[in-house]
Amino acid sequence: MKKVRKAIIPAAGFGTRMLPATKAIPKEMITLIDKPVIQYAVEEAVSSGIETIVLITSKHKKSIEDHFDKNFELEEILKKGGKEKELEKILELANCCEIVSIRQKEQRGLGDAVYCAKNIIGDEPFAVILPDDVMLSKEPVIGQLIECYNKVEKSVVALQEVQMEDVSKYGIVSVKEKIEERLFLLDDMVEKPKENPPSTYAIIGRYVLDSNVMKNIGEITPGALGEIQLTDAIKKEAISSKVFGYLFKGERYDCGNVNGYLDAIINFALERDDLRDYLVQIIKNKFL
Ligand code: UTP
């Protein structure tokens with residue numbers, strides 16, 4: 001069995017829901033407390049054993065590449081100023097793993113963004129991490145999925161139960177069989193169903209996919225919203241082979257919209273020993 005060594009992080013979208021913040025700054029570079037949102041995705045991949053990350057970017061997203069690159073001038077300034085802690089953080093970032101970047105020339109959908117990495121992925125299984133979905137969990141969520149993949153040796157998508165009124169915002173799966181606690185064999189999936197969803201289990205932005213799925217993307221036509229949908233390529237794989245869904249352990253925050261982003265800031269601050277008391281004090285001062 002081939003090891004999951006590579007992860008694709010699609011970051012080429014326009015981020016219109018976060019305007020005006022995203023007019024000149026990529027959505028992925030908006031900070032969640034003291035790190036850009038995309039750094040959480042990269043750290044999750046690295047702590048799950050991923051060796052190569054493929055960033056899918058677009059015009060006006062150079063700052064993402066710069067963020068993970070070396071910055072000799074800044075390193076010198078920090079060294080001279082004796083700012084060792086800060087220097088350590090900067091060096092860690094630049095050396096965390098191999099990061100390759102590819103441009104998606106036209107924003108034709110998530111499936112198309114993933115397909116941009118096909119030559120780098122080759123015939124290996126690969127992870128996909130959507131950086132908008134930031135996770136709070138003890139075990140990294142993509143690592144949980146890699147563990148499942150190693151067990152079933154087939155594609156695995158992350159699942160979360162959502163409210164019935166929200167199903168039209170997600171890819172929704174149909175479950176054929178419960179295999180064990182949290183793990184399901186899937187027989188169908190539909191992107192953003194307007195009516196009759198097959199369940200309330202939504203696909204969340206973490207995937208570990210067989211290389212067949214990459215091939216499938218090259219064969220599908222535009223689906224929902226006129227875009228090349230990753231869900232359609234995974235559905236094809238569910239029909240010709242097997243695809244599993246895993247109800248991941250942890251909490252997910254959608255930083256691609258204002259409410260989810262605010263929710264993330266509060267909850268990530270409450271998780272941090274250096275910020276929890278401070279945040280509680282601010283709220284108390286306001287209301288008591
Ligand atoms: P979204 O559906 O959140 O789209 O994409 P978006 O353009 O980023 O944001 P809104 O809806 O305009 O606010 C989900 C993920 O897929 C990537 C996005 O960058 C995001 O990580 N994506 C989407 C691409 O890389 N290319 C595309 O053509 C579409």
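Everything numeric here is computed off the predicted structure, so don't read it as measured data.

1. Describing the overall build of the protein chain
Here's step 1: Each helix and strand in the protein chain was counted, giving 11 helices and 13 strands.
Here's step 2: For 288 residues, the compact-globule formula gives about 19 Å, and the C-alpha radius of gyration of the protein chain, at 19 Å, lands near that figure.
Here's step 3: Taking all 288 residues of the protein chain together, the buried fraction comes to 47%.
Here's step 4: Residue pairs in contact within the protein chain that sit at least 24 positions apart in sequence constitute 75% of those at least 6 positions apart.
Here's step 5: Carbon and sulfur atoms make up 50% of the accessible area of the protein chain, which totals about 15300 Å².
Here's step 6: Within the protein chain, the 47 negative side-chain charges are centred at a point lying 2 Å from the centre of the 41 positive side-chain charges.

2. Points about the site of the ligand
Here's step 1: Residues in close proximity to the ligand total 18 residues, the closest being Thr-16, Arg-17, Lys-27, Gln-104 and Gly-109.
Here's step 2: In this structure, an oxygen atom belonging to the ligand sits 2.9 Å away from a main-chain N or O atom of Phe-14.
Here's step 3: For the ligand, an oxygen atom lies 3.4 Å from a polar atom in the side chain of Asp-132.
Here's step 4: Surface burial for the ligand is 81%, taken as the share of its 570 Å² of free accessible area covered by protein chains.

3. A few points about the nonpolar core
A general trend in soluble globular proteins is that nonpolar side chains are found buried together.
Here's step 1: Judged by nonpolar contacts, the single largest core of 39 residues is most densely connected at Ile-9, Ile-38, Ile-50, Ile-53 and Val-208.
Here's step 2: When residues of this core are assigned to their parent elements, the largest contribution, 6 residues, is made by helix α7 (residues 141–152).
Here's step 3: One finds Met-189, Tyr-201, Val-213 and Leu-230 within the second-largest nonpolar core, a separate group that totals 33 residues.

4. Focus on the pairing of strand β1 (residues 6–10)
Here's step 1: Summarising burial for β1: 5 of the 5 residues are buried, a large majority.
Here's step 2: Side chains Lys-6, Ile-8 and Pro-10 of β1 all project onto a buried face; the interleaved residues Ala-7 and Ile-9 project onto the opposite face, where all are buried too.
Here's step 3: For β1 and strand β4 (residues 52–57), the ladder comprises 5 bridges, and the chain directions are parallel. Residue pairing for β4: Ile-9 is matched across the bridge by Leu-55.
Here's step 4: Bridge count between β1 and strand β6 (residues 126–129): 3 bridges; the pairing is parallel. Looking across to β6, one finds that Lys-6 is bridged to Phe-126.

5. A few points about the environment of Asn-150
Here's step 1: Structurally, Asn-150 can be placed in helix α7.
Here's step 2: Overall, Asn-150 belongs to the partly exposed group, its relative accessible area being 35%.
Here's step 3: In this structure the C-alpha to C-alpha distance between Asn-150 and Lys-3, which are 147 residues apart in sequence, comes to 8.0 Å.

6. Thoughts on the packing of aromatic side chains
Here's step 1: Under the defined criterion, the tally for this structure stands at 3 aromatic pairs.
Here's step 2: Measuring from ring centre to ring centre gives 5.4 Å for Phe-184 and Tyr-201, while their planes differ by 40°; the resulting arrangement is tilted. Taken together, the residues Phe-184 in strand β10 (residues 183–191) and Tyr-201 in strand β11 (residues 201–209) connect sequence positions 17 residues apart. For the pair shown, Phe-184 and Tyr-201 are each scored as buried.

7. Quick notes on the pairing of β10
A regular strand carries its side chains on alternate faces of the sheet.
Here's step 1: Note: strand β9 (residues 171–180) against β10, 8 bridges, orientation antiparallel. Its bridge partner lying in β10, Glu-177 is registered against Leu-185.
Here's step 2: If you look at the hairpin formed by β9 and β10, you'll find 2 residues sitting between the two strands, and Arg-182 has a positive phi there, around 80°.
Here's step 3: When β10 meets strand β12 (residues 243–247), the two strands line up antiparallel, connected through 4 bridges. Its bridge partner being in β12, Leu-185 is matched across the sheet by Phe-244.

8. Let's talk about unusual backbone geometry
Here's step 1: In this structure, the amide linkage connecting Leu-19 to the following residue, Pro-20, adopts the cis form with an omega of 5°.
Here's step 2: Here Pro-20 lies in the loop between β1 and β2 (31–32).
Here's step 3: Its identity as a non-glycine residue notwithstanding, His-60 has a phi of 65°, on the positive side.
Here's step 4: If you trace the backbone, His-60 turns up in the loop between β4 and α2 (62–67).
Here's step 5: In this structure, Asn-196 takes a positive phi of about 45° despite not being glycine.
Here's step 6: Tracing the chain through its elements places Asn-196 in the loop between β10 and β11.

9. Focus on α7
Helical geometry: 3.6 residues make up each α-helical turn, so side chains three or four residues apart lie on a common side.
Here's step 1: Between its first and last C-alpha, α7 extends 17 Å over 12 residues, near the 16 Å set by a 1.5 Å rise per residue.
Here's step 2: Turning to α7, its buried residues are Val-141, Ile-142, Gly-143, Gln-144, Leu-145, Ile-146, Cys-148 and Tyr-149.
Here's step 3: Glu-153, located one to two residues past α7, shows a positive phi value of around 60°.

Calculation rules
- Along each chain, numbering runs from 1 in the same order as the chain's sequence is written.
- Confidence filtering applies because this is a predicted model: local features only for residues at pLDDT of at least 70, side-chain atom pairs given and counted only at 80 or more, and all residues used for totals across whole chains, interfaces and linings.
- Neither water nor hydrogens contribute to the side-chain values; these are computed over all heavy atoms in the structure.
- Runs of E in the DSSP output that reach at least two residues are strands. Runs of H or I that reach at least four are helices, and both are numbered from the N terminus.
- Restricting the calculation to C-alpha atoms gives the radius of gyration, and the globule rule supplies 2.2 Å times the number of residues raised to the power 0.38.
- Note on classification: 1.4 Å probe, protein chains only; a residue is buried when its accessible area is under 20% of the maximum for its type, exposed when over 50%, partly exposed between these limits.
- Residues are treated as being in contact if the distance between any of their heavy atoms lies within 4.5 Å.
- All accessible-area figures derive from a Shrake-Rupley calculation using a 1.4 Å probe, and residue coverage is judged against the displayed protein chains alone.
- When charges are counted, Lys and Arg are positive and Asp and Glu negative, with His and the chain ends excluded.
- Note that the charge is assigned to NZ on lysines, CZ on arginines, CG on aspartates and CD on glutamates.
- Proximity is defined per residue: any heavy atom of the residue falling within 4 Å of a molecule or strand makes that residue near it.
- Side-chain atoms alone can form a polar contact between residues adjacent in sequence; in general such a contact is a pair of N or O atoms within 3.5 Å, and within protein one must be able to donate a hydrogen while the other accepts it.
- As used in this record, nonpolar core signifies buried Ala, Val, Leu, Ile, Met, Phe, Trp, Tyr and Cys residues forming a set joined through side-chain atoms within 4.5 Å.
- Pairs of strands are assigned from DSSP output, requiring at least two bridges between the strands.
- Two rings from Phe, Tyr or Trp (for Trp, the six-membered ring) form a pair when their centres sit within 6.5 Å of each other. Planes less than 30 degrees apart are called stacked, planes more than 60 degrees apart edge-to-face, and all others tilted.
- By this rule the span expected of a helix is its residue count minus one, scaled by 1.5 Å.

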